[in-house]
Amino acid sequence: MHRVGRWSIWVSLGLILGLGGCAFHMPPEPHSVAYYAARIPPPPVAPVASAAAATLSTPISRQVRIVVSAADRRMTVYQGNAVLATFPVAIGFNGAAPRRARGDDITPVGHYRVGWINYGTRYGTFMGLTYPNREDAAWGLRQGIISRAQYDAIVSAIDSGRTPPQNTPLGGAIGIHGMGPQFGDAPDSKVFPGRWTAGCVALSNWDVQQLAALVKVGTPVEIVGEAPGYRHTIELSYAQPTARANAKSDDVSLSSAVRSSLSAPAAP
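Residues numbered from 1 in each chain as written. Predicted model: local features only at pLDDT ≥ 70, side-chain atom pairs only at ≥ 80, totals over all residues. Heavy atoms only, no water.

Caption draft 1: Structural view of the overall build of the protein. On a plain count of helices and strands, the protein comes out with eight helices and 13 strands. Sorting the 268 residues of the protein into buried and exposed places 36% on the buried side. Sequence-distant contacts, at least 24 apart, represent 61% of the contacts inside the protein between residues at least 6 apart. Element-wise, carbon and sulfur atoms account for 61% of the exposed surface of the protein, whose accessible area totals about 16500 Å². (Helix = DSSP H or I, 4+ residues; strand = E, 2+ residues; numbered from the N terminus. Buried < 20%, exposed > 50% of the residue type's maximum accessible area, 1.4 Å probe, protein only. Contact = heavy atoms within 4.5 Å. Areas by Shrake-Rupley, 256 points an atom, 1.4 Å probe, with all protein chains shown as cover.)

The following block contains the structure:
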């Protein structure tokens, strides 16, 4: 009887330990604060209206676009109406004008797009423009600078969204580029100011890297404002009064000596 009693005590104790065994386990290893923080449920968020349900009086464009002021030697980069960045620039040796031809060292004025982007050129990153545009081609055809076939090829490329031919007498390979590896590319580097390019728009090496990070093929580029060039300014200073008056007219934007140089087969 005494043995049965002790056996009952051990059985009862075993049942108690078996049923309540979880309470006697060692506590789990502690986790990091981040472990527990990640498991905190997020606070409730009030529902927002669908984007499609919002109504705007005027659409807002978020496309990046570039505006170059030839007169101010300044480039402004916009996203919609917000200014993202401004950069000082250099332009063509012979200024900027809405009409140009191969070898005249003039920066074209008009509406273009970034047609291609090359890296590691002699001037660093090069963003080629879709010059000539339709207006350039129409002027070149009227002036007899390009043929009808060349005009049609330019217009056909523009209509199909391609870069127009770059090898016509109107010139080509006009773009935005840096100063080249022989110059510094630190944040405080500067573009050589003024008018010295063959028609392109130049920035400092640092600035052109910042610009390349903002644009892509298809980015609109508008070059505005006219600027006289060195050759044009020098020739006008020595010209007769009649020649100076003619040079100010719409039909004669360059002196005869400059116009005769437009047919030279030099690269732009």
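Caption draft 2: View of the packing of helix α3 (residues 134–142) against helix α4 (residues 148–159). Following both chains from N to C, one finds α3 and α4 inclined at 170°, their axes separated by 10 Å at the closest point. Judged by the angle between their axes, α3 and α4 are roughly antiparallel. Only R148, Y151, I154, V155, I158 and D159 of α4 make contact with α3, whose side of the interface consists of R134, A137, A138 and L141. Here the residues of the contact of α3 with α4 are counted per class, giving seven nonpolar, no polar and three charged. (Axes fitted to C-alpha atoms, helices over the stretch in contact; angles between N-to-C directions. Parallel < 35°, antiparallel > 145°, perpendicular 65-115°, else oblique. Nonpolar A, V, L, I, M, F, W, Y, C, P; charged D, E, K, R; others polar.)

Caption draft 3: Local environment of the packing of aromatic side chains. Counted by the stated rule, this structure contains three aromatic pairs. Measuring from centroid to centroid gives 6.4 Å for F192 and W196, while their planes differ by 75°, and the two rings are edge-to-face. The positively charged end of R65 is found above the aromatic ring belonging to Y78, 4.4 Å away from the centroid. (Phe/Tyr/Trp six-rings, centres within 6.5 Å; stacked < 30°, edge-to-face > 60°. Lys NZ or Arg CZ within 6 Å of the ring centre and 35° of its normal.)

Caption draft 4: Spatial organisation of the environment of V191. Among the secondary structure elements, V191 is positioned in the loop between β9 (175–177) and β10 (195–197). Sequence spacing of V191 and W206 is 15 residues, and the spatial spacing of their C-alpha atoms is 9.2 Å. Sequence-distant contacts of V191, defined by excluding residues within four places in its chain, comprise P88, V89, A90, M179, A202, L203 and S204.

Caption draft 5: Focus on the side chain of R100. Along the polypeptide, R100 turns up in the loop between β5 (95–97) and β6 (107–108). Of note is the side chain of R100, whose polar atom sits 2.6 Å from the backbone oxygen of I106. Reaching out from R100, the side chain makes a polar contact with the backbone oxygen of L170 at a distance of 3.5 Å. (Polar contact = N/O pair within 3.5 Å; in protein donor to acceptor, adjacent residues only side chain to side chain.)

Caption draft 6: Here's a closer look at the sheet that holds β5. Pairing is mixed across the open sheet formed by three strands, whose spatial order is β6-β5-β13. If you trace the sheet from one side to the other, it starts and ends with β6 and β13 (227–228), each paired once. (Pairing = 2+ DSSP bridges.)

Caption draft 7: Main features of the pattern of salt bridges. Per the counting criterion, the structure on display carries three salt bridges. D104 is the salt-bridge partner of R100, the closest N and O atoms lying 3.0 Å from each other. Taken individually, R100 and D104 each receive the classification buried, so the pair is uniform in this respect. Across the salt bridge formed by D152 and R148, the nearest N and O atoms sit 3.8 Å from each other. Of this pair, D152 and R148 both sit in helix α4, four residues apart, roughly one helical turn. A relative accessible area of 39% means that D152 is categorised as partly exposed. (Salt bridge = Lys/Arg side-chain N within 4 Å of Asp/Glu carboxyl O.)

Caption draft 8: Layout of the pairing of strand β8 (residues 124–129). Counting buried positions along β8 gives six out of six residues, so the element sits mostly inside the fold. Here strand β7 (residues 110–121) runs beside β8; their pairing, made up of five bridges, is antiparallel. Note that in β8 the partner of V114 across the bridge is L129. Counting the residues in the hairpin turn of β7 and β8 gives two residues.

Caption draft 9: Inspection of α3 at higher detail. Looking only at α3, the buried set comprises D136, A137, W139 and G140. Angularly, the buried residues of α3 cover 165° about the axis, an arc narrow enough to put them on a single face. Pointing more than 90 degrees away from the buried face of α3 are the exposed residues E135 and R142. On its buried side, α3 packs onto β7 and α4. Between a side-chain oxygen at the N-terminus of α3 and the backbone nitrogen of E135 the separation is 3.1 Å; the capping residue is N133. Looking one or two places after α3, you find G144, whose phi comes out positive at around 75°. (Arc of directions from axis to C-beta.)

Caption draft 10: Molecular detail of the sheet that holds strand β12 (residues 220–224). Judged by pairing direction, the sheet is mixed, and its eight strands sit side by side in the order β3-β2-β1-β12-β7-β8-β9-β11 without closing on themselves. The sheet is open, and its two edges are formed by β3 (82–88) and β11 (201–202), each paired on a single side. As judged from the two bridges shared by β9 and β11, these two strands associate in the parallel manner. Opposite H177, over in β11, you have A202 as the bridge partner. Lying over the sheet, helix α5 (residues 205–212) contacts β1 (64–69), β2 (74–79), β3, β8 and β9, oriented at roughly 55° with respect to β8.

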